[in-house]
Amino acid sequence: MSNRLTQLSDQLKEASLDAILITRLTHIRYLTGFSGSAGILLVTSAGRAVFITDFRYQEQIAGELLPGVEGIIEPAPYQRLVADGIVAPGMSVGFQETYVTVAALEGLKKAFRRVKLEKTGSMVEDLTMIKTDSEVASIKKAADMAAKVYKEILAIVKPGMRENEVAMEISYLGKKFGSEGDAFGIIVASGARGALPHGRASTKKIRKGEMVTLDFGCIHNGFNSDMTRTFAVGKPNDEARSIYDIVLRSQIKGVAAARAGMTGKELDDVCRDEIAAAGYGAEFGHGTGHGLGIDVHEGPGISFRGEGQILKPGMVVTIEPGIYIPNRCGVRIEDDVVITGNGCRVLTRAPKDLIII
Ligand SMILES: [Mn+2]
């Protein structure tokens, strides 16, 4: 049985639960190795891990499931757990209320009669937040792929190209360099669209003199990277250049400050204070960053709400301040970093000084 499953069983005992039902696919992959897109996992406090999926994955589970995980092919997984006596009346079984739909919960209640269903909060997330060295290595690999994509894309973007054409090139290059796919919908926001923090690539053409913000990530072993860079196509105007310098200073300060023991809010303050001091506090309306791993957005939150989120060694977080001027332009710079014993190590190895192509 893997270390993670053992830790989860221990947490179940602490929470006085007999088992936990895991339905979030990224968590299932994390705990079992299964990379397919359907299945449920039941982990018991006694250390049993039962994964149930359907016929389509019969061959796949033989190759993928980690040692100690039992694989079952069954179209009615909840009924099967009851029929096999793995879930029985009187047991308390946890479920992931953040990801279970109302309809799924109703089905679960019907199948698990006289079973006490309990919410589990962030039980699995608390495990995934602290990365092992090999998990950090996977994120680093995904970050290296993204950095390589960025280097190549700078030679491809030309005035007149559409944002979604740039997004397609990013996606293609990522896969060429070994990525399992796009970590999320690629953001390409040029000119005035740069003021949209999550401006998905559109059909807008990139024009000379505009700033372009790219936000994308690669995937390795199910672990994501997430990077943002803003560059200029031809000489940018003074305003764009000036907010670039402020965001860069803020981002560099954040990376220099990040360390174990500080809260997400304290790290957010470091970046936010720099931008506010330059007079753009109101134009930085989002958090400074987020945890990163099997999900693109995980704990801890690096934001004004992150008071209770304490940074610990092994956490991987993003540091991504930005300034957005409505109808004119925007700049964001984002690195992935791993929190270490005495600071942090930057995983995103790509230039941050303003590049003008
Ligand atoms: Mn991000």
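Scoring rules and cut-offs
Residues numbered from 1 in each chain as written. Predicted model: local features only at pLDDT ≥ 70, side-chain atom pairs only at ≥ 80, totals over all residues. Heavy atoms only, no water. Salt bridge = Lys/Arg side-chain N within 4 Å of Asp/Glu carboxyl O. Buried < 20%, exposed > 50% of the residue type's maximum accessible area, 1.4 Å probe, protein only. Helix = DSSP H or I, 4+ residues; strand = E, 2+ residues; numbered from the N terminus. Donors = N, O, S within 2.8 Å, 3.2 Å for Na, K, Ca; no water.

With that settled, the discussion passes to the pattern of salt bridges. Here the idea is simple: oppositely charged side chains can pair when their charged atoms come close. Applying the stated criterion across every chain yields a total of 22 salt bridges. A salt bridge links arginine 80 to aspartate 84; the shortest N-O distance between them is 2.9 Å. Of the residues examined, aspartate 84 reaches a relative accessible area of 41% and is grouped as partly exposed. Where arginine 229 meets aspartate 335, a salt bridge forms, and the shortest distance between an N and an O atom there is 2.8 Å. One end of the pair, arginine 229, is in strand S11 (residues 227-233); the other, aspartate 335, is in strand S17 (residues 335-340), and 106 residues separate them in sequence. Look at arginine 229 and you get buried, because its relative accessible area is 1%. When its relative accessible area of 1% is taken as the criterion, aspartate 335 is described as buried. Linked by salt bridges that have partners in common, Glu74, Arg80 and Asp84 make up one network.

Turning to the coordination of the manganese ion, a few remarks are in order. Protein ligation of the manganese ion involves Asp226 (OD), His290 (NE2), Glu320 (OE) and Glu334 (OE), the donor distances falling in the range 2.1 to 2.4 Å. In terms of primary sequence, the donors binding the manganese ion are separated according to D-x63-H-x29-E-x13-E. Here aspartate 226 is found in the loop between strand S10 (223-224) and S11, whereas its partner histidine 290 is found in strand S12 (residues 289-291), with 64 residues between them in sequence. Judged by its relative accessible area of 8%, histidine 290 falls in the buried class.

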